[in-house]
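These are the residues of each chain, in order.
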Amino acid sequence: MGRDPRRDLLAGLTVAIVALPLALGFGVSSGLGAEAGLATAVVAGALAAVFGGSNLQVSGPTGAMTVVLVPIVAQYGPGGVLTVGLIAGAMLIALALLRAGRYMAYIPAPVVEGFTLGIACVIGLQQVPNALGVAKPDGDKVLVVTWRAVEEFVRAPDWTAPALALGVMLVMLLGARWRPTVPFSIVAVIAATAVVQLLHLDAAASIGTLPSGLPAPSLAFLHPGALGPLLAPAVAVAALAALESLLSAQVADGMTVGQKHDPDKELFGQGLANIAAPLFGGVPATGAIARTAVNVRTGASSRLAALTHAAVLAVIVFAAAPLVSRIPLAALAGVLLATAVRMVEVGSLRAMARATRPDALILVLTAFATLALDLVYAVIIGLAVAGALALRSVARQARMDEIPLDHNDHNGEEHALLAEHIVAYRLDGPLFFAAAHRFLLELSEVADVRVVILRMSRVSTIDATGALVLKDAVQKLDRRGITVLASGIRPEHRQVLDSTGTLALLCPEGREYATTPEAIAGARARLEGAGLLPSLPSPHSCTTVQEPT
């Protein structure tokens, strides 16, 4: 924190200016009032910065969380939200102690990139009402709210607010390219506020302003006997807090060089923050991607920036509310619009889209789901599609190739006779549910021979489905009068084959062999016993020959 305090202090001040209207708005949206949003931003923001696992994460109330909280307020009142926050905080600490944060590493990069792109679009669209200078229309879906705001603006256009928002956005974007170290967001907001005051614009009517006073937050928790019905909402809140916080920290890492968050420590910090925030009348908090992005883009390098953000908001709450009330909402909308634009890494998106078609599909689908649905559903959909495509790719690696019999173990005449009655297949790759039925179909189409040898030393894994399909294939071939022999079964695969009864078909009848040459010798003995082959001497014993890998 002492490495570059000047940049961190400026970044924290910038984030505080951006976070102030968001905290007020999200508090109102949750149903507990603007004071609850500010309490959350101050308390949760400070605790998560100290105890969290990211140096750059900024925590507080978020739009995604308010969507989850609104029905809780409607059913249980403000006390239900505060109680849910406490329970969710305890759940997050439990997840941290169980070291569940490490599993975030398994989220594919296209899901993270699509999530980031979708969040950038959501952040930008959420600012449209303030940027146009219209009251926020009713509705939960950002696309619907944006469309209604545009319709209202078209009916009675006033270009004051759009001009302010566009001006602030251009100053930030162009200024960052010219002088990346200068906090142009602060400059732009101060300039926009000064213009409004100097020109005596009707801010309350045309561009909107922040409230000038805040009541004390409420502290009414539910009785412990009423906790049962709140467990399900608490699980949803904890899941969203974990998901959004860890993804936000991962996005922050991707926007910087050399930063790496600790996911389990981040869950612990968010858990403490969510336990403490309700004690001060706050709503559940998460890592906030918009504020974190502002923090990174304005040059933050340590936790000092997030702590400064919380401290500045605390000072504003007690000392500067009249001054803050003069900041036009359109100017703050311009700050967030510029932040949304800068969150999109065009080069990274282009590289991901060009990598493979499945990667491009996952990215687009996750971004669209983030925009049209919500954050949790978007990540679940992205993971489901990525998992399905990965399974398909792995399943395609499973192969069953016909392998000619080894000429070295037999003379030409014997080899010709064996080839007429024996066919050998080598199984490569995983034999699991996604590839098993294709394997059964191929094996069932074996030509009219007397013995099939399955070389299984290259099978990487077998699940219960694969073992059952193998058993079914052996039984079907048996009914056709074709004997199935197996060679090279790995020790780690024997348990699943035994539990499904597959080994019971092979072992008692002596149809399992350690090596392929032994299996060929066994097949020859069976054919000799059936009178299909004359008794021919074997050139050497096959028991010492190892199965090729």
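Up top is the structure these notes are about.
Residue positions are given per chain, counted from 1 along the sequence in the order it is written. Where totals are concerned, whole chains, interfaces and linings use all residues; where local detail is concerned, this predicted model gives features only for residues with pLDDT of at least 70, and gives and counts side-chain atom pairs only at 80 or more. In computing side-chain properties, one takes all heavy atoms of the structure into account and sets aside hydrogens as well as water.

K.L.:
Would you mind going over the overall build of the chain with me for this structure?
P.N.:
To qualify as a helix, a DSSP run of H or I must reach at least 4 residues; to qualify as a strand, a run of E must reach at least 2; elements of each kind are numbered from the N terminus. Across its full length, the chain holds 25 helices and 8 strands. Burial classes: relative accessible area under 20% of the type maximum marks a residue as buried, over 50% as exposed, and values in between as partly exposed (1.4 Å probe, protein chains only). Burial status across the chain gives 52% buried among its 549 residues. Accessibility throughout is a Shrake-Rupley quantity obtained with a 1.4 Å probe, and a residue counts as covered only by protein chains that appear here. About 24,500 Å² of surface is accessible on the chain, with carbon and sulfur atoms providing 63% of the total.

K.L.:
Help me understand helix H8 (residues 160-178) in this model?
P.N.:
Each α-helix winds once per 3.6 residues, and so residues spaced three or four apart point in a common direction. Its 19 residues give H8 an end-to-end C-alpha distance of 27 Å, which sits within 8% of 27 Å, the value for a rise of 1.5 Å per residue. Taken together, the buried positions of H8 are occupied by Ala161, Pro162, Leu164, Ala165, Val168, Met169, Met172 and Gly175. Expected span of a helix, by definition, is 1.5 Å for each gap between consecutive residues, and there is one gap fewer than residues.

K.L.:
How do you make sense of the packing of helix H5 (residues 109-126) against helix H17 (residues 346-355) when you look at a structure like this?
P.N.:
Packed helix pairs are characterised by how far apart their axes lie and by the angle those axes make with each other. In the contact formed by H5 and H17, the axes pass within 11 Å of each other and the chain directions differ by 135°. The pairing of H5 with H17 is recorded here as oblique in orientation. In the packing of H5 onto H17, the handedness of the crossing is left-handed. Between H5, through Ala109, Pro110, Glu113 and Leu117, and H17, the contact on the second element is made entirely by Ser348, Leu349 and Met352. Helix axes are fitted only over the stretch in contact, all axes being lines through C-alpha atoms; the angle between N-to-C directions runs from 0 to 180 degrees. In these notes the angle categories are as follows: under 35 degrees is roughly parallel, over 145 is roughly antiparallel, 65 to 115 is roughly perpendicular, and the rest is oblique. Left-handed describes a crossing whose near helix is turned anticlockwise from the far helix through less than a right angle; right-handed describes the clockwise counterpart. Contacts are assigned to residue pairs that have any heavy atoms within 4.5 Å of one another.

K.L.:
Even after reading the chapter, I still don't get the pattern of salt bridges, so can you show me in this structure?
P.N.:
Working definition: two side chains of opposite charge can pair if their charged atoms are close together. One speaks of a salt bridge when a side-chain nitrogen belonging to Lys or Arg is within 4 Å of a carboxyl oxygen belonging to Asp or Glu. Evaluated as defined, the whole model comprises 7 salt bridges. Among the salt bridges present, the one from aspartate 264 reaches arginine 99, with a minimum N-O distance of 3.7 Å. One end of the pair, aspartate 264, is in helix H12 (residues 263-279); the other, arginine 99, is in the loop between helix H4 (78-97) and H5, with 165 residues separating them in the sequence. Judged by its relative accessible area of 8%, aspartate 264 is buried. For arginine 99, a relative accessible area of 46% puts it in the partly exposed group. A salt bridge links arginine 426 to aspartate 428; its shortest N-O distance comes to 3.6 Å. You'll find arginine 426 and aspartate 428 in the same group, each marked buried.

K.L.:
Explain a nonpolar patch on the surface to me, please; I cannot follow it from the model alone.
P.N.:
Nonpolar side chains collect at one region of the surface, where Val50, Phe51 and Phe268 lie side by side and expose about 230 Å² of accessible area between them. Checked against the element boundaries, phenylalanine 51 lands in helix H2 (residues 34-51). A patch is a set of surface residues, each over 30% in relative accessible area and not in a salt bridge, joined within 9 Å for like charges and within 5 Å for the nonpolar side chains Val, Leu, Ile, Met, Phe, Trp and Tyr.

K.L.:
Got a minute to help me understand the packing of aromatic side chains in this structure?
P.N.:
In this description, a pair of aromatic rings is defined by centroid distance and the angle of the planes. A pair of Phe, Tyr and Trp rings is counted when the ring centres sit within 6.5 Å of each other, with Trp represented by its six-membered ring. The angle between the planes then sorts it: under 30 degrees is stacked, over 60 is edge-to-face, the rest tilted. Taken as a whole and judged by the stated rule, the model has 1 aromatic pair. For the ring pair phenylalanine 153 and tryptophan 159, a centre distance of 5.1 Å and an interplane angle of 85° mean the geometry is edge-to-face. A relative accessible area of 9% means that phenylalanine 153 is categorised as buried.

K.L.:
What should I look at first to understand the side chain of arginine 291 in this one?
P.N.:
Following the sequence through the fold, arginine 291 ends up in helix H13 (residues 289-297). Only four residue types enter the tally: Lys and Arg on the positive side, Asp and Glu on the negative side, with His and both chain ends excluded. The charged side chain of arginine 291 is buried without a salt bridge, its nearest counter-charge being glutamate 244 at 7.0 Å. Distance and chemistry together define a polar contact, namely a pair of N or O atoms within 3.5 Å, with one atom able to donate a hydrogen and the other to accept it when in protein, and with adjacent residues in sequence counting only for side-chain atoms on both sides. A distance of 2.4 Å separates a polar atom in the side chain of arginine 291 from the backbone oxygen of proline 61. Ignoring anything within four residues of it in the chain, the contact list for arginine 291 reads Val15, Ala19, Leu22, Phe26, Val58, Gly60, Pro61 and Thr62.

K.L.:
I tried to follow H2 on my own but got confused; where do I start?
P.N.:
A rise of 1.5 Å per residue sets the reference length of H2, with its 18 residues, at 26 Å; its end C-alpha atoms lie 26 Å apart and thus fit the reference within 8%. When you tally the buried positions in H2, you get 14 out of 18 residues, the bulk of the element.

K.L.:
Would you mind showing me how to read the packing of H5 against helix H7 (residues 142-155) here?
P.N.:
In contact at an axis separation of 9 Å, H5 and H7 are set at 30° when each is read in the N-to-C sense. Between H5 and H7 the crossing geometry is left-handed. Between H5 and H7, the residues in contact are Val122, Leu125 and Gln126 and Val142, Leu143 and Thr146, respectively. Residue type decides the class: Asp, Glu, Lys and Arg count as charged, Ala, Val, Leu, Ile, Met, Phe, Trp, Tyr, Cys and Pro as nonpolar, and the leftover types, Gly among them, as polar. Split into classes, the residues belonging to the contact of H5 with H7 amount to 4 nonpolar, 2 polar and no charged.

K.L.:
Is there a simple way to explain the environment of glycine 114 in this structure?
P.N.:
The topology assignment puts glycine 114 in helix H5. Here the alpha-carbon distance between glycine 114 and leucine 363, two residues 249 residues apart in the chain, equals 4.3 Å. Each residue touching glycine 114, except ones within four places of it in the same chain, is listed here: Leu363, Thr366, Ala367 and Thr370.

K.L.:
What is the right way to look at the environment of proline 278 in this model?
P.N.:
In this fold, proline 278 is placed in helix H12. Overall, proline 278 belongs to the buried group, its relative accessible area being 1%. Separated by 199 residues in the primary sequence, proline 278 and glycine 79 place their C-alpha atoms 9.4 Å from one another.

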